[in-house]
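Now for the letters of each chain:
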Amino acid sequence: MNDAAIPLENFDDATLDLVFTGLASEVASDTTSMDAEAFRLHWLGRKQGRLKLISDAWLKSAPPEARKPLGVRFNQLKQHIEAALDTPAAVGSKTNGIDITLPGTVRAPGVPHPLLKTMQEIVDVFHNLGYSTSTGPQVETDFYNFEALNFPPNHPARDTQDTLVIANQQGRPARERLLMRTHTSPVQIRTMIAQAPPIRIVIPGKVHRNDAADATHSPIFHQVEGLCVDTNITFSDLKGTLDHAMKALFGSSVKTRFFPSFFPFTEPSADVQISCIFCAGKGCRKCKHSGWIELLGCGMVDPAVFAAVTEQRALAGEITPAYDPSRISGFAFGMGVERIAMIQHGISDIGHFYSGDMRFLEQFA
Ligand code: DAH
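Owing to the predicted nature of the structure, the values given are computational and were not obtained by experimental measurement.

Draft legend 1. Region of interest: the pattern of salt bridges. In this structure the tally under the stated criterion is 13 salt bridges. For D142, the salt bridge goes to R158, with nearest N and O atoms at 2.9 Å. Here R158 lies in the loop between α6 (142-145) and β3 (178-180) and D142 lies in helix α6, a separation of 16 residues in the sequence. Take D142: its relative accessible area is 10%, and that puts it in the buried class. R158 sits in the buried class, given a relative accessible area of 16%. A salt bridge links D230 to R200, with the shortest nitrogen-to-oxygen separation between them at 3.2 Å.

Below, the structure written as structure tokens:
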């Protein structure tokens, strides 16, 4: 601030000593709080510099006999300021000065997020079995997310999906209404409409549900879906494939079992359970003393799904159906990435994945 041309009323030596000592200490403190250029302008600026303003004001009001002692002191102060500016790193040493003796800033290279790492691990297991990757949109139509997967409009199975719908879609035909996909299964339909069997794909991606966040739920989470369609695909192929995948992910001593379940797009359907990796199946808190942990859903592709695909392919001009259930069959499965990562690493709160807390994330670097 250049406002400090406070009028001096006394010009005796003692007063001058006092005010100039004050100015010198102001200079000293400015050398640490300002960078060199700001410091130079503040004190030595030709028009608004502090030295110029004070000396103009004080020399003007000083009695003739005080001019000399005042001038001498101004010269000393000026020399003092110039000396500070001439000394490397004397000014701005705390702000912009570079001390080349200090260690440099080490930037840690980025690493994959633990969720992406697990997602990639799952995908790799299937890549090694000859699967390729498909992806699809997160904003999906009712047709792909539900109808083609054999969830008819108003079917109660839709209630299990806690769907987040996009606003103002009432004017559209039911099939075309937009929603946030609740699972990665719609990409099965998109892929089958686009290409004939054989199909072996995995579908990693984000899905959305109207779920309140708690230790095990998040409204946005990740799934890896799988689809295999070919001639002579049986439930044994499904069992063998998923048993291999679970051993690849959790260790070769893990056992799997298939529990009857229901999904509209598979028939029969099953939930896959693995022997508890925390207690090796003996029973503990993590497996609710059952010895088993439920991990994913699966089943044989329902002929109704092939029919929906065939209808769309016919609209695009297909004459001989490639998805004829009398010739081809398939299996599908879907798993939650968060759940698998939590079991792999013994993480009890899903929220850690999204918190951005470096203390959590660094453990996976
Ligand atoms: N889409 C199901 C869900 O999110 C999971 C699933 C179950 C996918 C069985 C499948 C399957 O492909 O066959 O609840």
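Draft legend 2. Highlighting the pairing of strand β5 (residues 220-231). Of all twelve residues in β5, ten are buried; the element is thus mostly enclosed. Here strand β4 (residues 199-208) pairs with β5 via ten bridges, running antiparallel. Paired with I199 across the two strands is V229, which belongs to β5.

Draft legend 3. Examining the nonpolar core more closely. Of all hydrophobic cores here, the largest spans 45 residues; its most connected members are F126, L242, M246, F250, L295 and M335. Look past the residues within four positions of M246 in its chain and what remains in contact with it is G251, V254, T256, I274, L295, L296 and M335. Ranked by size, the runner-up nonpolar core spans 26 residues in total, among them Y144, V187, V305 and V309.

Rules behind the numbers
For every chain, the first residue of its written sequence is number 1, and the numbers climb from 1 along that sequence. Where totals are concerned, whole chains, interfaces and linings use all residues; where local detail is concerned, this predicted model gives features only for residues with pLDDT of at least 70, and gives and counts side-chain atom pairs only at 80 or more. The side-chain quantities take in all heavy atoms of the structure and omit both hydrogens and water. Salt bridges are defined by distance alone: a side-chain nitrogen of Lys or Arg within 4 Å of a carboxyl oxygen of Asp or Glu. Here a strand is any run of E in DSSP of at least two residues, a helix any run of H or I of at least four, and the numbering for each starts at the N terminus. Each residue is assigned to one of three classes by its accessible area relative to the maximum for its type, calculated with a 1.4 Å probe on protein chains only: buried under 20%, partly exposed between the two thresholds, exposed over 50%. Here a strand pair is declared whenever DSSP counts at least two bridges between the two strands. As used in this record, nonpolar core signifies buried Ala, Val, Leu, Ile, Met, Phe, Trp, Tyr and Cys residues forming a set joined through side-chain atoms within 4.5 Å. Only heavy atoms enter the contact rule, under which two residues are in contact if any of them lie within 4.5 Å.

It is worth stressing that arrangement in space is one thing and function is another; only the former is reported here.
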